[in-house]
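A look at the structure
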Amino acid sequence: MRRISMFMCCGMLLLLSACNDATSPANAPPVTTPVTPQSRLSAAAQAGQVMFFDQTLSGSGKMSCATCHDPNSAYGPPNDLAVQLGGTSMTAAGTRAVPSLRYKSVTPPYADLLDNPDGITAPGPGGGFTWDGRVDTLAEQAAIPLLDPNEMANTDKATVVAHIKAGPYADLFRQAFGQQALENVDDAFANAGKALQAFQMEDISFHPNTSKFDLNAGNKIGGAFTPAEERGFRVFVDPNVGNCASCHYNGAGINGSSSLFTDFSIEAIGVPRNMAIPVNGDPTYMDMGVCGPLRKDHQPSAPHAADNFCGRFKSPTLRNVATRTVFFHNGIMHSLEQVIRFYNTRDTRPELWYPTEGGTPKNPPDPDFPTYGLIKTQYVGGQVQKYNDLPAEYIANIDPQMPLDGRPAGSATPMTEQNVTDLICFLKTLNDDYVPGKTPTAPECLK
Ligand code: HEC
Ligand code: HEC
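Fair warning: this is a prediction, and the values are worked out from it, not measured in the lab. (Residues numbered from 1 in each chain as written. Chains lettered and ligands numbered in written order. Predicted model: local features only at pLDDT ≥ 70, side-chain atom pairs only at ≥ 80, totals over all residues. Heavy atoms only, no water.)

What follows covers the site of ligand 2. Around ligand 2, a shell composed of 29 residues is seen, among which Cys244, Cys247, His248, His329 and Tyr343 lie nearest. In this structure, an oxygen atom belonging to ligand 2 sits 3.4 Å away from a side-chain N or O atom of Arg324. Every element with two or more residues in the shell around ligand 2 is listed here: helix H10 (245-248), strand S6 (313-314), helix H11 (336-345) and helix H12 (417-428). Sort the elements by how many residues they give to the shell around ligand 2 and H11 lands first, with four residues. (Near = heavy atom within 4 Å. Polar contact = N/O pair within 3.5 Å; in protein donor to acceptor, adjacent residues only side chain to side chain. Helix = DSSP H or I, 4+ residues; strand = E, 2+ residues; numbered from the N terminus.)

Here it is as structure tokens:
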């Protein structure tokens, strides 16, 4: 449990006006998001900026970092696909949903026992980049998409370096890393990662802090919450209602702003299997997060051997989450409401989220059978396959905290209908590019 105050710190709120100069790449952030003028970025970050948008850095010649991490979608995916298509012919499907790259620059390295920022909860797995925390720096992270056959699909490091050498920013790269910077392949490839890291660290478009929440936390004009947003915040922090803050909140954020809306903890919450991901057509394939198969250092010692790391994925930041149309590591959910409903009814109505085996469809379904779930058919009889994306032996790893406290099916939900509506209103205040008086507020969030 943690206590937090909305008005804990203000710090300097960077409300720089947009400065999209003519040299900015074509796919540059929208004008409302502040961008650091190129001249104020280090040479490494300037090189990284051009690389981030450079499609020639891919086997297909059609994919850059920005293809999946779109600056117009808070550096998250530009569409609602569970996984993106890449590879040399742009038809190879990935295995995980694209996270936002905003507010990542202060992520601590992965640790099996990361201190919880609340200082109360016991330390546990946390930190690191990707959904399973398997890389420790933004620089190392860049190597994954550059070489992944389903993503940018370069044959090897030398190919990447050859592209940089041939590109218009080769000189900028040498300016940043030395005249010989493109001669040794391993060094040059590592520096490419450092350039991309520098861009993500330095450019303010990755951490603009221009949400209504930031205005509110800084007691700034236009930041006053509506009654619904205020109630939603209480749902978010109340350990007996939403309890979201227990995983999605840490104390201080970037540039003195408040919270990154993740405590970097890596938890198992039993997200349902997504059959829309091609690799999941193989019933023996299970993405179990920290215990593999993508991550290699915490795999069970033998098949089915006890392993406390199986099923765990990183609690992502909730900043800008209301702009997404695809949620969770496997992209199974497609609206924020659906995610909140999952938290509220995973245990009370598991049949809405996991397939039922052996039942008979009820036609037509009861008039009050909810349509927000993943499962649209109501069954009579049969067995709900709860936690169907985790082998039975690892179900004990699932975190028992509110609101996913394992209460019996059919019992009352942790949140009321009003709580759900209010919580969504609060989460919308975490969207950047908020302009008081201009950014519309949904009618239900005004009350
Ligand atoms: C084909 C789509 C695609 C492309 C292209 C792509 N990424 Fe990603 N990115 C992803 C996915 C999917 C993940 C999650 C990977 C995982 O969990 O294993 C990710 C994760 C990340 C993360 C970790 C974020 C976090 O929350 O921990 C960073 C940083 C990142 N990508 C940077 C880059 C950079 C830099 C490039 C260009 C060199 C790039 N990405 C290109 C799809 C893509
Ligand atoms: C026990 C820790 C925990 C609690 C409590 C918790 N979450 Fe999460 N949340 C996670 C983890 C872990 C994930 C990623 C799970 C995955 O993808 O398998 C996640 C993912 C999400 C996502 C998807 C974000 C994205 O980018 O895909 C949203 C939205 C979200 N949580 C909102 C909430 C809200 C709202 C609450 C409170 C009602 C809440 N969470 C409570 C741990 C938690």
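Here the focus is the site of ligand 1. Looking at ligand 1, there are 24 residues lining it, with Cys65, Cys68, His69, Lys104 and Thr130 nearest. In the model, an oxygen atom of ligand 1 is placed 2.9 Å from a nitrogen or oxygen of the Trp131 main chain. Within the residue set of the shell around ligand 1, elements represented by two or more residues are helix H2 (65-68), helix H3 (138-141), helix H4 (143-147) and helix H7 (185-202). For the shell around ligand 1, the per-class residue count stands at 14 nonpolar, five polar and five charged. (Nonpolar A, V, L, I, M, F, W, Y, C, P; charged D, E, K, R; others polar.)

What follows deals with the environment of Phe189. With respect to the helices, strands and loops of the structure, Phe189 is situated in helix H7. Classification of Phe189 by relative accessible area gives buried; the value is 8%. Separated by 50 residues in the primary sequence, Phe189 and Ala139 place their C-alpha atoms 10.0 Å from one another. Setting aside its immediate chain neighbours within four residues, Phe189 contacts Ala143, Leu146, Leu147, Lys157, Val160 and Val161. (Buried < 20%, exposed > 50% of the residue type's maximum accessible area, 1.4 Å probe, protein only. Contact = heavy atoms within 4.5 Å.)

Considering all chains together, one arrives at 22 aromatic pairs under this definition. Relative to Phe261, the ring of Phe213 lies with its centre 4.9 Å away and its plane at 85°, an arrangement referred to as edge-to-face. One end of the pair, Phe213, is in helix H8 (residues 212-217); the other, Phe261, is in the loop between H10 and strand S5 (266-267), and 48 residues separate them in sequence. The cationic tip of Arg319 hangs over the ring face of Tyr103; the distance from NZ or CZ to the ring centre is 4.7 Å. Its end group placed over the ring of Tyr372, Arg341 keeps NZ or CZ at 4.6 Å from the ring centre. (Phe/Tyr/Trp six-rings, centres within 6.5 Å; stacked < 30°, edge-to-face > 60°. Lys NZ or Arg CZ within 6 Å of the ring centre and 35° of its normal.)

With that settled, consider the side chain of Gln338. Its place among the elements puts Gln338 in helix H11. Reaching out from Gln338, the side chain makes a polar contact with the backbone nitrogen of His334 at a distance of 2.9 Å. A distance of 3.2 Å separates a polar side-chain atom of Gln338 from the backbone oxygen of Tyr372.

No protein donor other than His69 (NE2) coordinates the iron atom of ligand 1, and that contact is at 2.1 Å. In this structure, His69 sits in the loop between H2 and strand S1 (85-86). (Donors = N, O, S within 2.8 Å, 3.2 Å for Na, K, Ca; no water.)

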